[in-house]
Every structure is written in C-alpha cells, then in structure tokens.
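Geometric and topological summary
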Amino acid sequence: MTTDHEERVRERPRHRWHLPAGSAAEGPYALDIDPKRADWDRSSLRVVELRPGGVHTLVTGESEWIVLPLTGGCTVHTSGEIFELLGRESVFSGVSDFAYVPRDAHAQIASGAGGRFALAGAKCERRLPARYGPAPEVPVELRGSGTCSRQVNNFAAADTFECDRLIAVEVLTPGGNWSSYPPHKHDEHRLGAESVLEEIYYFEIEERGGTAGFGYHRVSPSRPGGTDVLAEVRSGDAVLIPDGWHGPSIAAPGHTMYYLNVMAGPGQREWLISDHPDHGWIRDTWPAQPVDPRLPLHGLPGPSGISGQEASR
C-alpha cells in the first residue's frame, strides 16, 4: 500500500531538479523557489541581492521565514521589532546572526552597504513571535572524519531554534572532501526512524586565485521513478530533493564547498534519516580517523562539538 506522498512522487512530471545559477531568478530574487515551482507543499528559498542603500519588502503569507545574511549585513523591521544583523563578509568567513519572521507579516530588509541575503521559508500553521538569532548562540559541529569531515552550522536545526515547520542548516566542506555521506533519505514516515522532509540545497563554492570552483552532487532514486540527479554544481546553483537517497556532495580539491539546506515536512518537526544500506558501513570507520585538520574553517562562536556517528549531512 502506497502513501499519498509516494503517489505524488510517482505521478509528478519529471523536470530539472538541478537549477543552475540564474535559471530560477524571478523579479527581485536571484533565486526564487517556492512550493509551486518545486511542485511540493512547504519548503521555500529565495536569495535577494541589495545594492548599497537597497530595501526589500517581504510579505510572508502562509510561511515562516528566516533572513540569513550570505554577504553583508542588514536591518530587519517586522512585527514591531527591529533586528540589526551584523552579517558576515562571506559564507566562508564565519557564522552569521539571523532574524526569524513569522507568517502573516510584512518585513522590510534594508542594507546600507549592500549584500546578499537568503530567505529560507516553510509553509506553516503556527504564528510564532519574531526573534533575533545571535551568531554566538549558533551551535557549530564538526561531523565525520578523514575525507568525510565537514562543518555544520546548526542555526535553525530542529533542536536548536524554534520554528513551526522550518529546518535549516549550513554545511562547509573542505576541498577534496565528501559531505552528505553516507547517502541518506527522509521521504517516508516511519515513527521514530524517518521523517518526510522536502529539501533544498543551495550551493556556493569558494574561489581561489580568481578561479571559480565547482563540486558534484548526487541524488539517486529510493523507489521506481524517483528523483535522479548527478550534477556539477557551482555558486548560485540549487538542487531540489523531494525524495531519494541524497549524497555525496563532493568539493573539488582546493575549493571549499558551502551549502544551505532548507527543509520542511507534514509531520512533527524533526530530522530523522535512513542511511543507504550499501554505504552506511562507512560510519564504523570514522572513530579510527582524525577530523580533517583544516576544520573548523573559522572560529566556533558558540556551542560546538564533534559528532562523527549521528548524522550524515
């Protein structure tokens, strides 16, 4: 017996799950992914680029949003609150502060010096209060070991910052390493073991010596007719993952890979995954290997830890 989610995946027309930079631009957004474009129910991601002195108005509608600086800082006015986001020079230079904007609200995002800002959203039911997320309170983890070492900034993970539906984290992978490995999935409901989450990967690749970097990302089907992607990814690209085993994400040598993960689903807000049965054994090798000495890529501003066993992202 199939679930409603499985039926939708089976009936969904195949289209490009890999969105190269610029291909999903719309109006003021360099990237605009909403449930209608993605052909799913909840997850959204926008990237807005503001010139010095620029202002953008966000109408939240039925979704909750987090304003996350990618480069530069901004001021967020919403629900009678004013949040000053210091931001950062780039996604490779440090953890950023952020602002949570509730559903059924308006927000004005203004930047004196200009910058690029991610708007991570999820259609939700509860209207939570607008809040500020300080960078020093963002938990930073080092996951995996050896060539599977990566850094995870858990700014809006399910257990670190309250949202109704939205889950969002940042992952930084040193050049030559593999992230999102072993391949894992979260496309069926299995109580206490796996949750259904629609996911967006947004990539930026560090330039070196004026040379643009690249990486590779894989999604393989977890059921007949499921999502199947093998993409060379560059800065500004996105990959949509409605279902399937996703991983690895591979950073080319010499170029650090960044990606922003945005997730939401119909059930309880939790990130429960299943490892691919052919590759989960790799976890058993991690305790015997050191974490990549290049990590952390920048200072750990707040709660931190090393977690090589629990998660594959």
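Residues numbered from 1 in each chain as written. Predicted model: local features only at pLDDT ≥ 70, side-chain atom pairs only at ≥ 80, totals over all residues. Heavy atoms only, no water.

For the chain, the count of helices and strands is two helices and 23 strands. C-alpha atoms of the chain, sized along the principal axes, occupy 50 × 45 × 35 Å. Nonlocal contacts in the chain, meaning residues at least 24 apart in sequence, comprise 75% of its contacts between residues at least 6 apart. By element, 53% of the accessible surface of the chain is carried by carbon and sulfur atoms, the whole surface being about 12800 Å². (Helix = DSSP H or I, 4+ residues; strand = E, 2+ residues; numbered from the N terminus. Contact = heavy atoms within 4.5 Å. Areas by Shrake-Rupley, 256 points an atom, 1.4 Å probe, with all protein chains shown as cover.)

The next point concerns the nonpolar core. Considering soluble globular proteins, one finds that nonpolar side chains tend to be buried as a cluster. Within the largest apolar cluster, 55 residues are counted, with the highest numbers of intra-cluster contacts made by Leu 45, Ile 66, Phe 155, Tyr 258 and Leu 260. With six residues, strand S21 (residues 257-264) is the largest single contributor of residues to this core. The contacts of Phe 155, once residues within four sequence positions are left out, are Ile 66, Leu 68, Phe 98, Val 138, Thr 160, Phe 161, Ala 168, Val 169, Glu 170 and Leu 260. Counting residues in hydrophobic clusters, the runner-up holds 17 residues, among them Leu 58, Trp 65, Cys 74 and Leu 119. (Core = buried A, V, L, I, M, F, W, Y, C linked by side-chain atoms within 4.5 Å. Buried < 20%, exposed > 50% of the residue type's maximum accessible area, 1.4 Å probe, protein only.)

Next up on the list: the pairing of strand S16 (residues 198-205). Of all eight residues in S16, eight are buried; the element is thus mostly enclosed. What you see with S16 is no split at all: Glu 198, Ile 200, Tyr 202 and Glu 204 on one side and Glu 199, Tyr 201, Phe 203 and Ile 205 on the other are buried throughout. In this structure, S16 lies alongside S21, joined through eight bridges in antiparallel fashion. Bridge pairing in S21 links Phe 203 to Tyr 259. Pairing geometry for S16 and strand S19 (residues 238-241), over four bridges, is antiparallel. Looking at the pairing, Glu 199 lines up with Ile 241 of S19. (Pairing = 2+ DSSP bridges.)

In this section: the pairing of strand S4 (residues 54-59). Residues of S4 alternate between two faces, with Gly 54, His 56 and Leu 58 buried on one and Val 55, Thr 57 and Val 59 left unburied on the opposite face. Judged from the six bridges that link them, S4 and strand S8 (residues 106-111) form a sheet pairing that is antiparallel. Counterpart to Val 55 in the pairing with S8 is Ala 110.

Summary statistics for the chain give a mean pLDDT of 92 and a share of 90% for residues scoring 70 or more. Below a pLDDT of 50 lies the segment residues 9-14, which in the model reaches 13 contacts outside its immediate sequence neighbourhood of four places, other chains included. Here residues 306-310 is a poorly scored stretch, pLDDT under 50, and it has 13 contacts once near neighbours within four places are set aside; other chains count. (pLDDT = per-residue confidence, 0-100.)

Going through the model one piece at a time under the given rule, you end up with 22 salt bridges. The closest approach of N and O atoms between Arg 165 and Glu 125, which form a salt bridge, is 2.9 Å. With Arg 165 in the loop between strand S12 (150-156) and strand S13 (167-173) and Glu 125 in the loop between strand S9 (115-123) and strand S10 (131-133), this residue pair connects regions lying 40 residues apart in the sequence. When the shortest N-O distance is used, the salt bridge between Asp 228 and Arg 218 registers 2.6 Å. (Salt bridge = Lys/Arg side-chain N within 4 Å of Asp/Glu carboxyl O.)

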